[in-house]
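One letter stands for each residue in the lines below.
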Amino acid sequence: MPIAKAAESSSTADSKKFTPQEKSWILYDWANSVYATNIMAAIFPIYFGAVCQSAGVDNVQMWGLGTSLATLVVAVLAPFLGALGDYRGMKKKLFTVFLFIGVICTSFMAIFDEWQMMLVGYVLSYIGFAGSCLFYDSFLTDVTTEDRMDRVSSWGYAMGYIGGSTIPFVASIAVLLIMGMSNPTAVKISVVITSVWWLIFSLPMLLRVKQVHYVQTPPAKLLRNTLHNIGHTMKSIFHNKGIFFFIIAYFCYIDGVGTVIHMSTSYGSDLGLDSTGMIIALLVTQIVAVPCSILYGRLSKRYGAIRMILFAIAVYFLICVLGFYMGFSIELVEGASAPVYQEALARSQVLFWIMAFLVGTVQGGVQALSRSYFGKLVPPEKSNEYFGFFDIFGKFATVIGPALVGLITGLTGRSSYGILSVIVLFAAGGALLLVGRKYFPQHTA
């Protein structure tokens, strides 16, 4: 099949300044991060939990299952969408479709008060969010060069944390504090803020970023060639031991990362932690993540991306242990005297803040380096197809993680055991990276 290239990327290896294309690509992290903060992690899960509890429904279980369903849909579609996106002009079109699905369905969540309809809106909006990120990640090979990928990717996550933790998130917190944390209207306003911010700051990406690398094919053969390329890329991944070991390791450790993102506030709400305290703690996560994400990009030049990812996994080990202790200490004193219970609750609130800080030190870095390192391993003209498989492994991991937490919580009656189960996946990811290091290209590791 003929491989074409529209134009050389305007990135230059010797320039420290970001090009207009790099800046526009980075800005999409700034745009969509408010969804990750307001809808996935902080404000909406707490409100959803309150609505579920008033209806006598287990919010941790429902949120976990809803997240798993959304990620499952994207994971199943990812290989086909990835292969389709590599054809000329298709990547931007598909990115735009998923962007608007996400923005519109997020707005949909502000209309209803029933937990069932709120969950439907969340599932659909998350499909749009995750689908747009699939194509956004693959655009990394179009906007920059291999030696700049770590830096550009890390700055994307850093600006994403600034975007998610400054104006829209702080504005949402202000609305909640003024109108009341339990006021449905305040939450609905924060949902609208999310949609508007996401759409407005996506415009540079829509206007400036173009698909540089692509595969040329006649429109009549688009579907047939897409299906053929899926099989070919799958075989290439299995035969390339470097890509294979990395993507399987990524499948394991990103499971834990995604589960921490999706389940933290639901877990805290289930334990009875203060909602305002949790939201402010997550604001600290966003602020800490800004310099740490940039730092990861710089340290990767000195120590290598794989070593930095392994370090992040070790920190997540500690986070999981602290999360287990936080919940277990409260569960042990359930039914005890009020002073004893309040002491355990106060101690767990402090632990939640410590965990939030630790997550901020590694969350952006591990995701940014995973994205850029994979981008170095794959052929640029087929980046979207490979990132489709990268995404499917990441999404299936996020299907397993929250579902595992919900399952273990249901079987044991203790959410602390559900959180502890995540540590196994971090261990597996770290072990696979160590075993597979001999297959990774030395100039990229």
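Structure shown above.
The sections below set out a description of the structure shown in this document. (Residues numbered from 1 in each chain as written. Predicted model: local features only at pLDDT ≥ 70, side-chain atom pairs only at ≥ 80, totals over all residues. Heavy atoms only, no water.)

### Looking at the overall build of the protein
Then, number 1: Along the backbone of the protein there are 18 helices and two strands.
Then, number 2: A separation threshold of at least 6 residues defines the contact pool for the protein, and within that pool the share at least 24 residues apart is 86%. (Helix = DSSP H or I, 4+ residues; strand = E, 2+ residues; numbered from the N terminus. Contact = heavy atoms within 4.5 Å.)

### Some remarks on the nonpolar core
Then, number 1: Counting 122 residues, the largest nonpolar core has Trp25, Phe44, Phe246, Tyr253 and Leu433 as its most contacted members.
Then, number 2: Counting seven residues, the second-largest nonpolar core is a separate cluster that includes Tyr161, Ala289, Val290 and Ile294. (Core = buried A, V, L, I, M, F, W, Y, C linked by side-chain atoms within 4.5 Å. Buried < 20%, exposed > 50% of the residue type's maximum accessible area, 1.4 Å probe, protein only.)

### Overview of the packing of helix H8 (residues 167-179) against helix H9 (residues 184-200)
Geometrically, a packed helix pair is captured by the angle between its two axes and the distance between the axes.
Then, number 1: Their axes nearest at 9 Å, the elements H8 and H9 cross at an angle of 165°. Accordingly, the angle class assigned to the pair H8 and H9 is roughly antiparallel. Note that H8 runs across H9; the crossing there is right-handed. Residue-level contacts link Ile167, Pro168, Ala171, Ser172, Val175, Leu176 and Met179 of H8 to Thr185, Ala186, Val187, Ile189, Ser190, Ile193 and Trp197 of H9.
Then, number 2: Taken together, the residues of the contact of H8 with H9 break down into 11 nonpolar, three polar and no charged. (Axes fitted to C-alpha atoms, helices over the stretch in contact; angles between N-to-C directions. Parallel < 35°, antiparallel > 145°, perpendicular 65-115°, else oblique. Left-handed = near helix turned anticlockwise from the far one by under 90°. Nonpolar A, V, L, I, M, F, W, Y, C, P; charged D, E, K, R; others polar.)

### Overview of the pattern of salt bridges
Then, number 1: Following the criterion strictly, the structure yields seven salt bridges and no others.
Then, number 2: Put simply, Glu22 and Arg148 hold a salt bridge, and the shortest N to O gap is 2.8 Å. Placement of Glu22 in helix H1 (residues 20-41) and of Arg148 in the loop between helix H6 (140-143) and helix H7 (149-165) is noted, with a sequence separation of 126 residues between them.
Then, number 3: Judged by relative accessible area, Glu22 falls into the buried class, the value being 0%.
Then, number 4: For Arg148, a relative accessible area of 6% gives the class buried.
Then, number 5: Among the ionic pairs, Asp150 bridges to Lys376, the shortest N-O distance being 2.8 Å. Residue Asp150 is located in helix H7, and its partner Lys376 is located in helix H15 (residues 338-377); the two are separated by 226 residues in the primary sequence.
Then, number 6: With a relative accessible area of 6%, Asp150 lands in the buried category. (Salt bridge = Lys/Arg side-chain N within 4 Å of Asp/Glu carboxyl O.)

### Structural notes on the packing of aromatic side chains
Then, number 1: Scanning the model with the defined rule gives 29 aromatic pairs in all.
Then, number 2: When the centroid spacing of 5.9 Å and the interplanar angle of 40° are considered together, the rings of Phe324 and Tyr417 count as tilted. On the criterion of sequence distance, the pair formed by Phe324 in helix H14 (residues 305-332) and Tyr417 in helix H17 (residues 415-420) is long-range, its members being 93 residues apart.
Then, number 3: Judged by relative accessible area, Tyr417 falls into the partly exposed class, the value being 32%.
Then, number 4: Through a chain of ring-to-ring contacts, three or more aromatic side chains come together here, namely Tyr35, Phe44, Phe48, Trp63, Tyr122, Tyr126, Phe129 and Trp198. (Phe/Tyr/Trp six-rings, centres within 6.5 Å; stacked < 30°, edge-to-face > 60°.)

### Notes on the environment of Gly268
Then, number 1: The residue Gly268 is located in helix H12 (residues 241-271) in this model.
Then, number 2: The class for Gly268 is buried, based on a relative accessible area of 0%.
Then, number 3: On a C-alpha basis, the gap between Gly268 and Phe352 in space is 8.0 Å, while along the polypeptide they are 84 residues apart.
Then, number 4: Among residues more than four places away in sequence, those in contact with Gly268 are Leu273 and Met278.

Distances and angles like these do not, on their own, reveal function.
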